[in-house]
Structures are given as structure tokens and as C-alpha cells.
Amino acid sequence: MMVAVLGLIAGVWGLHQLPVLPVLLEGPLRVFLPVAGALVALGWVQAARRGSPFTWLPAASLGLLAGVWLALPHATDWSGKVVGPEWSGVEVSVRAQVVSLPDHGERRSRFRVGVSEIEQGSPGLELEGRELWVSTFPARPAIQVGDSLRLDLRLRGVDGPRNPGGFDAAGWFYREGMHGSAVARSVTPLAGVHEGARGRVVMHRLRAAMQARLERAAPDLRHPGLVQALVIGNRQAMTESEWQAFLHTGTNHLMAISGLHVALVAGFAGGIAGWLWSGVAVIRRLRRWLFMGVVGLVAATGYAVLAGFSIPTQRALLMLIAFTLAVLSRREGVAWRALALAAAMVLIVHPPSVLAPGFWFSFGAVAAILLLLQGRVGATGWREGLRIQVVLAIAMLPLSLAWFQLGSWVAPVANLVAVPMVTLLILPLLLVGALLAWGWPAAGGLLLCIADGLLALLVMTLEALAGIPVLVDQRHVPVAASLLGGVAVFLALQPLARRLAPWIAVAAIALVAPLRPDFAAGQWRVQVLDVGAGQATIVETRRHALLIDAGPGREGGFSAGDRIVVPALRAGGIRSLDTLMVTHEHAGHAGGVAVVREQISVRRTLRRTPVSHGTDERCEKGDQWNWDGVRFEILHPPPGWNDDSSASCVLKVEGADATLLVMGGLDGLGEAVMRRGTAGFAVDLLVAPRTSNPRALQDDWLAQFPPGQVWAATTAEGAGLPDEARKRLELSGIPLYETGRSGALVTSSTQLDSAPATGRPRLRFWHPRSPDRNEP
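Computed from a prediction, not measured in an experiment: that's the story for all the values here. (Residues numbered from 1 in each chain as written. Predicted model: local features only at pLDDT ≥ 70, side-chain atom pairs only at ≥ 80, totals over all residues. Heavy atoms only, no water.)

Asks: Can you help me understand the overall build of the chain in this one?
Replies: Across its full length, the chain carries 24 helices and 25 strands. Taking all 776 residues of the chain together, 51% fall into the buried category. Look at the contacts in the chain between residues 6 or more apart in sequence, and 69% of them connect residues 24 or more apart. For the chain, the accessible area works out to roughly 34,900 Å², and carbon and sulfur atoms hold 61% of it. (Helix = DSSP H or I, 4+ residues; strand = E, 2+ residues; numbered from the N terminus. Buried < 20%, exposed > 50% of the residue type's maximum accessible area, 1.4 Å probe, protein only. Contact = heavy atoms within 4.5 Å. Areas by Shrake-Rupley, 256 points an atom, 1.4 Å probe, with all protein chains shown as cover.)

Asks: Looking at this model, I keep getting lost on a nonpolar patch on the surface. Mind explaining?
Replies: A grouping of Ile-272, Trp-275, Leu-276 and Val-280 is seen on the molecular surface, where their side chains present a nonpolar patch of about 410 Å² in accessible area. Mapped onto the secondary structure, Trp-275 falls in helix H8 (residues 259–279). (Patch = residues over 30% accessible without salt bridge, like charges linked within 9 Å, V, L, I, M, F, W, Y side chains within 5 Å. Salt bridge = Lys/Arg side-chain N within 4 Å of Asp/Glu carboxyl O.)

Asks: Teacher, can you tell me more about the packing of aromatic side chains here?
Replies: The geometry of two aromatic rings is summed up by the distance between their centres and the angle between their planes. As enumerated under the stated definition, the model contains 13 aromatic pairs in all. Summarising the aromatic geometry, the rings of Phe-681 and Phe-705 are spaced 5.2 Å apart at their centres and angled 70 degrees between planes, so their arrangement reads as edge-to-face. On the criterion of sequence distance, the pair formed by Phe-681 in the loop between helix H21 (668–677) and strand S21 (685–687) and Phe-705 in the loop between helix H22 (699–704) and strand S22 (710–712) is long-range, its members being 24 residues apart. Summarising the burial analysis for this pair, Phe-681 and Phe-705 share the class buried. (Phe/Tyr/Trp six-rings, centres within 6.5 Å; stacked < 30°, edge-to-face > 60°.)

Asks: Teacher, can you tell me more about the pattern of salt bridges here?
Replies: Pairs can form between side chains of opposite charge once their charged atoms are near each other. A full pass over the atoms with the stated rule returns 28 salt bridges. Close ionic contact of Arg-154 with Glu-91 constitutes a salt bridge, the shortest N to O distance being 2.7 Å. Linking Arg-154 in strand S5 (residues 148–156) with Glu-91 in strand S1 (residues 91–98), this pair joins segments that are 63 residues apart in sequence. Classification of Arg-154 by relative accessible area gives partly exposed; the value is 36%. A single network of salt bridges, built from pairs that share partners, joins Arg-95, Glu-117, Glu-119, Arg-150 and Asp-152.

Asks: What is the right way to read the packing of helix H6 (residues 224–232) against helix H14 (residues 411–439) from this model?
Replies: Angle between the axes and distance between the axes are the two parameters that describe a pair of packed helices. Two numbers describe how H6 lies on H14: the axes approach to 10 Å, and their chain directions differ by 85 degrees. Looking at the two axes, H6 sits roughly perpendicular to H14. Residues Val-227, Leu-230 and Val-231 of H6 form the contact with H14, whose own contacting residues are Val-422, Ile-426, Leu-427, Leu-430 and Ala-434. Taken together, the residues of the contact of H6 with H14 break down into eight nonpolar, no polar and no charged. (Axes fitted to C-alpha atoms, helices over the stretch in contact; angles between N-to-C directions. Parallel < 35°, antiparallel > 145°, perpendicular 65-115°, else oblique. Nonpolar A, V, L, I, M, F, W, Y, C, P; charged D, E, K, R; others polar.)

Asks: Please clarify how the confidence of the model for the chain should be interpreted in this entry.
Replies: For any part of a model where pLDDT is low, the fine detail of the predicted coordinates should not be relied upon. In this model, the chain carries a mean pLDDT of 84, and residues with pLDDT of at least 70 account for 87%. Note that residues 771–776 has pLDDT below 50 and, in this model, 14 contacts with residues that lie over four places away or in other chains. (pLDDT = per-residue confidence, 0-100.)

Asks: Just to check I follow, could you spell out the sheet that holds strand S24 (residues 745–748) for this structure?
Replies: As a general point, the strands of a sheet are linked pairwise by backbone hydrogen bonds and lie either parallel or antiparallel. The sheet built from eight strands is open, its strands ordered S16-S15-S13-S11-S10-S9-S24-S25 with mixed pairing. Each of the sheet's edge strands pairs with one partner strand only, and the pair in question is strand S16 (616–618) and strand S25 (757–758). As paired strands, strand S9 (residues 525–528) and S24 are joined by four bridges and run antiparallel to one another. Within S24, the position partnered with Arg-525 by the bridge is Ser-748. (Pairing = 2+ DSSP bridges.)

Quick look at the structure:
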């Protein structure tokens, strides 16, 4: 069974690595897969009868074919319904129903809708039966789950910025089963109910009612977001500081209703059922273990429904069902069989789960515990608990570094404090308090306040632990290094681990090996990131790193510094910046600077308006420095200029092989001043100014500083470089590459003869294609 399930996982995972789905699903392929599976199954039976040592091969092949056969229809159905990039920006009026708990912020509301009808739209556009992620500005707190609405929408596709180490927006839409996003220009409530989502709407209305009860019973909680996360699985109300405290201490799994929570509820309910069985004669007609198991499963299912039956909760419930069935069967090898059965059930129900980090963390953690406990029957006590926590923290480190760019060495200590505190004290108090809030609000509110006080103590402890910098490792490791790290963990959990120590060390060294490319003296590497309405450029030499601008951002809202720039720096192995240059103070260039400085060590900052007397210096013409044989020189503005875009800093990077020129946001007036005050030179790579001024990149400027190629930081719609400048570059025969079309652009001083690499070198079938986008 284990081999077949591993084959199933490999089949589902393998299908999700394809750049394009097979097109023969409706023809020969649909017939071929079952027939091939039947033939392989027959071969399996024959091999088993003959006692062949290779029975695992047919089992693995059967699982592989089953995985492809299960995942392919789901992937094809989603791909046929997704809102393509050709519809981005199109305006349409629809009737839809809110099918999720809305997320109401200070400036916007977001919610998931199921579209029932298009009232007005473009010919050929199909949205009926699709689900969209809708945002409204300003916030509309009156919108509730189940509301039927008339929406005037501006559609958006499922793709997002494409950068090294960045978030895969299209993959998230695919995993969540949504087909696009939109901004609502107007919202009109309608009478009536959308029949297609009635069951899900009832579930989310129950959750909304529980949320309202919690808020009424205890309106003055210090951590209402944490309370909602643990009771109804709603993490939207958690503050950023709360989430960071749990994330940096490796305890964030406690804020996602998963196996631990579901099993705890089932255990409490089963214990109460056992007590009732002992005291009620009628119930004793049933077998005790059967009665306890059924009651535990019913309670766990109810808790899963209250938590929104999200994918992690479904996974946890299926795991619990599998383990319960395995235990009730009273067969040997229960744990491993149950783990295999749970993994198979999860992928059968929702194949895209194989892409979710929670899938690998959940099953990987259980597998690590089982490996650790093999041959240690009856091992208990605090020492065993400490051993398990330490091993789990190390075992999950490769996955955490690969997925979240974060490894927490303080996790064993933090979990030893947080796990018992949450499971034995906080969660029981919250669940009992939530139930009492329906009929006895005073008593329920008291229990909720006690639990909130314990949560405050826990958050304070975790923040103190997270504040120890040497115990939190924030960097990115490649998938190959993570796999080798996983091999090291597997070998370390074997009974003869001491004999395997040299191999363990060889496999584990990949996790600590430096990631930054080793340049020769005089060489440089540049990345222009895909940050949307802004600009951010990374320049590296052999031992130094420079960030020029940090993209858009605003306080309390989206920041490219946090979502894009910092992950890209860590993906490149850059853990500190020698210099951060802010070309000018426009929000599209300086908006993400504050977040970058909070998360990445910066030795020096150059900007037009210094804000810190310790590390900030004024960016002016004449400043020069040399790193590893590469010369850096600021060419503009002259001393005494103001801080607008015409005074944007311009940086020349001159290496042994090529010259790079980064113009920031320089506009027409600034170009004229620079042209008159700077001797001309050839530019191998020009990072164009991000501007809407049609006078940018005039012919005389291009003649004085002739570029071999031009990169521009633009949006998907092309904003950031005026069409007049595009036309001049085209007439001059100068190649133009745009982040809005290709994603992040990456090259080095020795690779300028070829097209630049992009922020997403490997495409999957869920990534949208368009003739207007330059795909690699």
C-alpha cells in the first residue's frame, strides 16, 4: 500500500510540473490511462502470486497512473474556466453571491463570489459558474456571506508579479479553486439566493454567526484575531505583529486549524463519550471503543465545519478518519497505513493539495515522528517530548527554508511552551466559551477573557524568543538543497544514524552552502524586479550588493519591499546590503524602503533627502566608489537641486566587460541637464527611467548615451514607459524588455549578448499565456 500511495503522490505531483496539460483528455488518453492501470494491476497480481521481489514496481506504476488520471480532469476543468489575461481590464456587470467570510479592512473589503449571470459584458466572455476574488474600495462592512449582489467589475487575471523567490499568485488561485479576480466599481444588494452554493453559504453563515457571538460576548479582547483563528479558522483579523511572532518561532501551525486541533477536539469528545458510556446503561449496549470513535469523529467534523472546511482542515479531518479506521481495524502497522491512506484521500478529494506547503509539512511531520518512535514503544515523559520537538524543528527546517525563506532554531523551545499552552488551556477555554456565548454570554465571555489573557502572555513570550536574532535564520534555499536536507533528516532518523554520520553531513551541507554566484573581479549582475507601479533594481558584484529603490508601498497596506524585494534578496543569497540608493522620494521608488531596512541589514543609504543621521548620505553627482573591480559613479543631480523626479539620482556601473546605467525616475528636464553636464559614453544596458513624460529618452539623449539594450519597469498594462519613448527605441533598433511583460529581468555583464532571464524561468500550466507577454 505504501508503494502505491507514493506512486499516487508522484503522479499527482508530476502532472503539476507540466508547462502545458495534455490535450488528449477527451480522446485516447482518457481511455489509455484506465486500460494501462488495469494491465499494471493484473501484472501486480501475477507478480504477487509468483512471489516476485519486484511486486513494488507494478504497485508504484499503478499509483502513478492513478495520480495522473485523478489530477488531470481537475486541472483541465480549472484551466478551461480561468479568466485569461486577454480579459484583464474588461468591465462587466454580473449577478453573484458572496460565498466566503468577507475580509473587511480599513480601506478595502475582499470576498469570494460565485457568478450566476452576466448582465452586461463583452461578447465571448464567460463567467457563469466561475468564482472570483473581489475587492472593493473603500471598505463595505455591510456585505456579509450569502448576500446576493449586482456587481460592476473590472476584471483581472490570476497572474501577479513574477520575481525570484516571489509569491505565485496564479498557483494560489489554482489551489483555492478560484478563476480570477476583480475590483468592484459599484455594489448593489439583491434579493434572492444563489442555489448553487447553498450548502457552503449555510456553513459560512454559521461561522459568521459564531464570529458575531464572540464579539458580543467579549468585545474588548486584546487578541480578537487569535481568538477567531482558533475558534472559526479565520486568520484575517490577526495583526501583522501577531503573525510574525508565531511565524518566527515556528509555532504558526497552531494558528491554522489542522491535525493537532482536530485531533484534540476528537479526543475531548471521545473522552466525554467514554465517561457517558460508563454511566448510561443504554449506551453500554454499544462497544465502548466504537462509541468513542464515532462521537470523536462527529465532534471533529463539526469543528471542521465551524472552521470553514478549508483545505488544511479537510486534510486534518481525512487524516483523523484514516487513523481512526486503521485503529478500529486492529491490524499491525496501523500508523504507517493510516498515514498512507490519509495522503491518498487528501489527493483524491483535492489534487492541487500536493502544491500546498501544508500538505508536505503535515505528512512530513507525522512521518518524522513515526520514524523517531520506531522501536521505542512506551517511550513517554518530558524528555521524550523535548526530543520530539527538537527533531521536528530540525526535520521541518529544509521545508521551511524552501517555502518561507525562514528557519527557526528557537522552535523547539517555543513549541514546548506554546503547544501545551494552546492545546491544554487556551483552546478548551475558547471552545467552551464559544459554546456558552450562545446561551450564557456572561459565562462565555469570562472564559474567552481568560483565554485572551493566556494568549497575551503567550504572544509576549514568543516575541521575546523571536527577538533573539541568531536563532532565526531568514534565507532561501533551492529545491535541490531542500531535497538533500530532507535526505539528511531521513538518514538521521534511522536506528543506525551514527554509522551514517558522514553521509548525513554531506547531505546537510547543502543547507548552509553559500548561494550567491561567485563573480570574477570586474563583473556585475543586475536584476530589475517586477514591482508593478514602481521600480526596484539589485546590482551585485563579487562580494557586495546594492539595492536601487524598493518599489511602491504605503503604511498599513501593500509594500513591495516586504512582498517582493526582500524575498528576491534572500532568493539570491543576499543577507545584507552594502548600499541602498533611493533615487528620489516618489512612492513608487521609496515606498518599500522602510520595510527593507527593517528586515535587511543596510550599511549605507544614499537618498536625496537623508532621514537618518547615522547611515543616510545625500545622493549627488560626483560620488564614486569601487567594489571588486567594478566602478560606481553618480552622474546626476548636481549639488543644490530639489527632490522631484528631475533631480532623480542616476548611477553608472562600469565593469571590465560592460557598462550599466540606471536612471531612476529622471524626466525630460533632468535628461537635458545630465546631457549637458556629462560626456557621452556607450551603455551596454540601460535601465530606463520610470516616468509618464513623453519627452523621456529623446533622440539626442540616445545618441549621446547609445544603449545596447533597454530594460523598463512597467505594469502589465504598460504604464511606466510612455509610448513615445517606445516608438523612438523601436525606430532606433534598440531592443526593449519590460517587466510588465516578462516579469523580473536578470542578467550579468558577461551575458548581455543573449536575452535576459526572467523572474519565472519555469512555467506551469496554471500560469497564463498571452501574445502580449514575452514568455521565455
